[in-house]
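Summary of structural features
Here are the chains, one letter per residue:
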Amino acid sequence: MAAYKLVLIRHGESCWNEENRFCGWFDADLSETGEQEAKRGGQALKDAGYEFDLCYTSVLKRAIRTLWFVLDSIDQMWLPVHRTWRLNERHYGGLTGLNKAETAAKHGEAQVKIWRRSFDIPPPSMDEEHPFYQNISKDRRYGDLTEDQLPSCESLKDTIARALPFWNEEIVPQIKEGKRVLIAAHGNSLRGIVKHLEGMSEEAIMELNLPTGIPIVYELDKNLKPVGPMQFLGDEETVKKAMDAVAAQGKAKK
Amino acid sequence: MSKYKLFLLRHGEGAWNKENRFCSWVDQKLSADGVKEAQDCGRLLKERGYRFDIVFTSILSRSIQTAWLVLEAMGQEWVPVVKSWRLNERHYGALIGLNRAEMALQHGEEKVKLWRRSFDITPPPIDESHPYYLEIYNDRRYTTCDVPKENLPRAESLKEVLERLLPYWNSTVVPEIKEGKTVLISAHGNSCRALLKHLEGVSDEDIANVTLPTGIPVLLELDENLRPVKPRQLLGDQAKIQAAIKKVEDQGKAKTST
């Protein structure tokens, strides 16, 4: 019998996803599609009658606005919301702003492949010359971060290393107090939580692409171990598509 | 010389504002016009270059929705938003859901004005027979307050609003201001008025004549003791502001047609 339920939601398409650009810490907004995804996700939670006590999100608008759409749909706008940079998307360093073709042209296909396949090799740093350096590194929202905390780039390993302390120190105690938690965040920060919950290997987590805009439900025992695989909420077709897509990822040709 | 900046904002039009009904603790979202009011307010604040550090709202959706729309327009969605019932609109008791114009016809404009604008006259309390009683008191949000549900108000005068607002102001908002944070309070007509009365030292009689228009940000510049160093500023186009004030004042007047 599950002691706790946890719901995660990965934000939908952003304006930069549309353009196929590495987004990372750039504060891109949701595209219209992304807004629709968030509303659908909210509707799925509403249809299933979900109630929450507490919400967590990053400091990037695409995640925050996704959460807002959801809270509006389920009529729980009054819930407390905690925002943290620790749930931000992975910082793509010098690749931020580049699209797929530009990246390959600039760094070569081989190097791109290494970054894509690696758990712990970070992309090049975002230095002061980078067009988005001021916009990101000097943003007021990161004013309280120490020099050590503010990344100039991250590997997936780095992302997980700064997300997990927040999970362990802030979120876990709340879950253990019986609070029903909703986390609206990004592909890679949520991977950190999923990897930890399921005890997945580095290879396995790199294979996993969480579906967007679809509420992901974990039932957890009193030690916060999942009692079963993650469940997706939505209409039958949406859920099946998401499940098939996830299943196919492991089989994708490299 | 002002040390601190505090912004108060009364949310824009909700569906019931449009119908001239006392909405109070009934949870309504903004109307399309109310959404626009909030967005316009956000754009204005963005143009003027204001940067918030923290936002306080009530636990009624319309004030939260207003805060979200303002932050969105300013690109400051990341700013923390803290919610409390202590910033809720005044509880209008048995008058909740009644149309102001009908009330004015039944009880006279003066009595309605008294209930709306007096400082310490409490309207009759809401009870279980009231059509909106369950909608309010069965709502889960009222089990999350720092006061047990049975002790939450059943009706309030403006004085009583201030009594439940002030402890929150002192314990939670003031420390943020004193840390130099630029604070936005996105709330309601009467919770904003109560706070203004306290900050500006408005008398019990004069507060009756203070009307806050919807969707217009109010800037208070405060000294180190949180006393205003100049009169409150309603930001934006002055003609628009005057029209907005008149709109609120007209709501209290009786209508002979429906």
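Residues numbered from 1 in each chain as written. Chains lettered and ligands numbered in written order. Predicted model: local features only at pLDDT ≥ 70, side-chain atom pairs only at ≥ 80, totals over all residues. Heavy atoms only, no water.

Chain B goes by Phosphoglycerate mutase in an unreviewed UniProt entry, where it is assigned to Kryptolebias marmoratus. According to the UniProt record, the Sequence similarities (unreviewed entry) comment for chain B reads "Belongs to the phosphoglycerate mutase family. BPG-dependent PGAM subfamily." Reading the Function (unreviewed entry) entry of the UniProt record for chain B gives the comment "Plays a major role in regulating hemoglobin oxygen affinity by controlling the levels of its allosteric effector 2,3-bisphosphoglycerate (2,3-BPG). Also exhibits mutase (EC 5.4.2.11) activity." (UniProt positions renumbered as here; feature names shortened; annotations may be inferred.)

The name an unreviewed UniProt entry assigns to chain A is Phosphoglycerate mutase, from the organism Kryptolebias marmoratus. The heading Sequence similarities (unreviewed entry) in the UniProt record of chain A holds the text "Belongs to the phosphoglycerate mutase family. BPG-dependent PGAM subfamily."

1. Here's the deal with the nonpolar core
In this structure, Leu71 and Leu182 of chain A together with Leu45 of chain B are the most contacted members of the largest nonpolar core, which totals 79 residues. Residue contributions to this core peak at six residues, all from helix 3 (residues 61-74) of chain B. Excluding residues within four positions of it along the chain, Leu71 of chain A makes contact with Cys55, Gln76, Met77, Leu79, Val81 and Leu182 of chain A together with Trp68 of chain B. Ranked by size, the runner-up nonpolar core spans 37 residues in total, among them Val174, Ile177, Val183 and Val202 of chain B. (Core = buried A, V, L, I, M, F, W, Y, C linked by side-chain atoms within 4.5 Å. Buried < 20%, exposed > 50% of the residue type's maximum accessible area, 1.4 Å probe, protein only. Helix = DSSP H or I, 4+ residues; strand = E, 2+ residues; numbered from the N terminus. Contact = heavy atoms within 4.5 Å.)

2. Some remarks on helix 7 (residues 158-178) of chain B
Residue and element names in this part refer to chain B. For helix 7, with 21 residues, the first-to-last C-alpha span of 26 Å runs short of the 30 Å given by 1.5 Å per residue. Remark: the principal bend of helix 7, roughly 45 degrees, maps to Trp169. Taken together, the buried positions of helix 7 are Leu158, Val161, Leu162, Arg164, Leu165, Tyr168, Trp169, Val173, Val174, Glu176 and Ile177. In the core, the buried residues of helix 7 are packed alongside strand 1 (4-10), strand 2 (54-57), strand 3 (81-83), strand 4 (183-187) and helix 8 (189-200). Looking at the residues trailing helix 7, positive phi occurs at Gly180, about 90 degrees. (Expected span 1.5 Å × (residues − 1). Bend = angle between axes of the 7 residues up to and from the residue.)

3. Regarding the UniProt feature "active site" (unreviewed entry) in chain A
Residue and element names in this part refer to chain A. Residues annotated in UniProt with the feature "active site" (unreviewed entry) correspond here to His11 and Glu89. Sequence-wise these annotated residues cover 79 residues; spatially they are packed, their C-alpha atoms never more than 10.4 Å apart. Mapped onto the fold, His11 is located in the loop between strand 1 (4-10) and helix 1 (15-18). Residue class for His11 comes out buried when judged on its relative accessible area of 7%. When residues no more than four places from it in sequence are discounted, the contact partners of His11 are Asn17, Leu30, Arg62, Ala63, Thr66, Ala185, His186, Thr212 and Gly213. At a separation of 3.3 Å, a polar atom in the side chain of His11 contacts the side chain of Arg62. Along the chain, the position of Glu89 falls in the loop between strand 3 (81-83) and helix 4 (100-107). (Polar contact = N/O pair within 3.5 Å; in protein donor to acceptor, adjacent residues only side chain to side chain.)

4. As for the pattern of salt bridges
According to the stated counting rule, one finds 30 salt bridges over all chains in the structure shown. The partner of Asp72 of chain A in a salt bridge is Lys29 of chain B, with the nearest N and O atoms 2.5 Å apart. Residue Asp72 of chain A is located in helix 3 (residues 61-73), and its partner Lys29 of chain B is located in the loop between helix 1 (15-19) and helix 2 (32-47); the two belong to separate chains. Note on Asp72 of chain A: relative accessible area 28%, which makes it partly exposed. A salt bridge links Arg43 of chain B to Asp40 of chain B; its shortest N-O distance comes to 2.8 Å. Placement of the pair is Arg43 of chain B and Asp40 of chain B together in helix 2, with a separation of three residues, close to one helical turn. Judged by relative accessible area, Arg43 of chain B falls into the partly exposed class, the value being 43%. Using a relative accessible area of 21% as the deciding quantity, one classes Asp40 of chain B as partly exposed. Through salt bridges with shared partners, a single network forms among Asp29, Glu35 and Arg65 of chain A together with Glu72 of chain B. (Salt bridge = Lys/Arg side-chain N within 4 Å of Asp/Glu carboxyl O.)

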